[in-house]
Amino acid sequence: MWAFFHRMASPKIFFDLSGRMIPWFLWSGLLIMVVGFVWGLAFSPPDYQQGETVRIFYLHVPTAFMSMACYMFMAITSAIGLVWRIKMAHMVAASAAPIGAVFTFLALFTGAVWGKPMWGTWWVWDARLTSELILLFLYIGFIAFQNAFDDYQTADKASAILALVGVVNIPIIHFSVEWWNTLHQGATLSKFEKPSIELSMLWPFLIVFVGINLYFAALVLIRTRTEVLKRERRSKWVRQMFAEELN
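Below or above, wherever it landed, is the structure these notes cover. What you see is a predicted model; the values in this text were computed from it and never measured.

On to the pattern of salt bridges. Evaluation of the coordinates by the stated rule reveals six salt bridges. For the salt bridge of Glu232 with Lys87, the shortest nitrogen-to-oxygen distance reads 2.9 Å. Residue Glu232 is located in the loop between helix H8 (199–231) and helix H9 (236–246), and its partner Lys87 is located in helix H4 (residues 87–119); the two are separated by 145 residues in the primary sequence. Owing to a relative accessible area of 11%, Glu232 belongs among the buried residues under this scheme.

What follows covers unusual backbone geometry. The phi angle of most residues is negative, glycine excepted, and most peptide bonds adopt the trans form. Within the chain, Arg85 stands out as a residue other than glycine whose phi angle is a positive 55 degrees. Among the secondary structure elements, Arg85 is positioned in the loop between helix H3 (57–84) and H4.

For helix H2 (residues 11–43), with 33 residues, the first-to-last C-alpha span of 45 Å sits near the 48 Å given by 1.5 Å per residue. The largest bend along H2 measures about 35 degrees and falls at Met21, with the proline Pro23 one to four residues further on. Of the positions making up H2, those classed as buried are Pro11, Phe14, Phe15, Leu17, Ser18, Ile22, Leu26, Gly29, Met33, Gly36 and Gly40.

Formed by 39 residues in total, the largest nonpolar core has its most connected members in Tyr71, Met74, Leu135, Tyr139, Phe142, Phe216 and Val228. Elements supplying a minimum of two residues to this core: H2, H3, H4, helix H5 (127–148), helix H6 (152–166), helix H7 (169–179), H8 and H9. Among the elements that take part in this core, H4 stands out by supplying 10 residues, more than any other. In this structure, Tyr71 is in contact with Leu135, Leu138, Tyr139, Leu162, Ala163, Gly166, Val167 and Ile170, ignoring residues within four places of it in sequence.

Another point: the packing of H3 against H4. For the pair H3 and H4, interaxial distance at closest approach is 7 Å and the crossing angle is 155 degrees. One way to sum up the angle between H3 and H4 is to call them roughly antiparallel. For the element pair H3 and H4, the recorded crossing hand is left-handed.

If you walk through the whole model with that rule in mind, you get 10 aromatic pairs. Each ring, one from Phe65 and one from Phe209, has its centre 4.9 Å from the other, and the planes form 65 degrees; the classification is edge-to-face. Of this pair, Phe65 sits in helix H3 while Phe209 sits in helix H8, and the two are 144 residues apart along the sequence. What makes Phe209 partly exposed here is its relative accessible area of 23%. Pairing Phe103 with Phe216 gives two aromatic rings, centres 6.3 Å apart and planes at 55 degrees, and the pair type is tilted. Here the residue Phe103 occupies a position in helix H4, and Phe216 occupies one in helix H8, the gap between them amounting to 113 residues. Neither Phe103 nor Phe216 differs from the other in exposure class; each is buried. Members of the aromatic cluster, connected to one another through ring pairs, are Phe57, Tyr58, Phe65, Phe205 and Phe209. Across the ring face of Phe15, the terminal group of Arg225 is positioned such that the distance to the ring centre comes to 3.9 Å.

Rules behind the numbers
- Residues numbered from 1 in each chain as written.
- Predicted model: local features only at pLDDT ≥ 70, side-chain atom pairs only at ≥ 80, totals over all residues.
- Heavy atoms only, no water.
- Salt bridge = Lys/Arg side-chain N within 4 Å of Asp/Glu carboxyl O.
- Helix = DSSP H or I, 4+ residues; strand = E, 2+ residues; numbered from the N terminus.
- Buried < 20%, exposed > 50% of the residue type's maximum accessible area, 1.4 Å probe, protein only.
- Expected span 1.5 Å × (residues − 1).
- Bend = angle between axes of the 7 residues up to and from the residue.
- Core = buried A, V, L, I, M, F, W, Y, C linked by side-chain atoms within 4.5 Å.
- Contact = heavy atoms within 4.5 Å.
- Axes fitted to C-alpha atoms, helices over the stretch in contact; angles between N-to-C directions.
- Parallel < 35°, antiparallel > 145°, perpendicular 65-115°, else oblique.
- Left-handed = near helix turned anticlockwise from the far one by under 90°.
- Phe/Tyr/Trp six-rings, centres within 6.5 Å; stacked < 30°, edge-to-face > 60°.
- Lys NZ or Arg CZ within 6 Å of the ring centre and 35° of its normal.

Below, the structure is given as structure tokens:
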């Protein structure tokens, strides 16, 4: 396992291997998501209280989870880059940040759409909503640091420090509904011993959840390959690769 990760620290090996992995993650993720969304949006039963509006759940909850999971992934890869000085780790973190920002925006947007019929308003300064908004600002700050410096090492170090500092916001988002009295509903899926959701609704959600994770992996690999080419454009193996393609 360690030998595999050591090999993946090489930009060339990562580029070659990821190119073979992307189609599997991308197409399987898209197919699984389509199955889950069709099942959830068209065939799952309406909620006895929320009616048909509960179907927003199949997009809102996976994107909200991915907004936090992506940030943790970004923070871990940033820490690896800082501690072991592995430039590939910084490239992965830089590539994941815009994806996480999109997931966070979708979580906030779908939450607002869901909140309007449930709470009678698009937005409240609720603990869960506010901390999720802060997460979006953290992503934007990370991306800004990546583009604020001409030197990649300086940009990577500054953005990595921000990512690690911002990790404190993740448990705040997750436990906000338990720590404070909020409008946002409490845990449902995290109570694995007895989830507060019918199986007819749980299964399509789980399918969407698996699909969106595979799709996320594909997007990270695609963006990281682009980042590798941008940063390694003067290296011998990149010049040779483009020369072979031109010939």
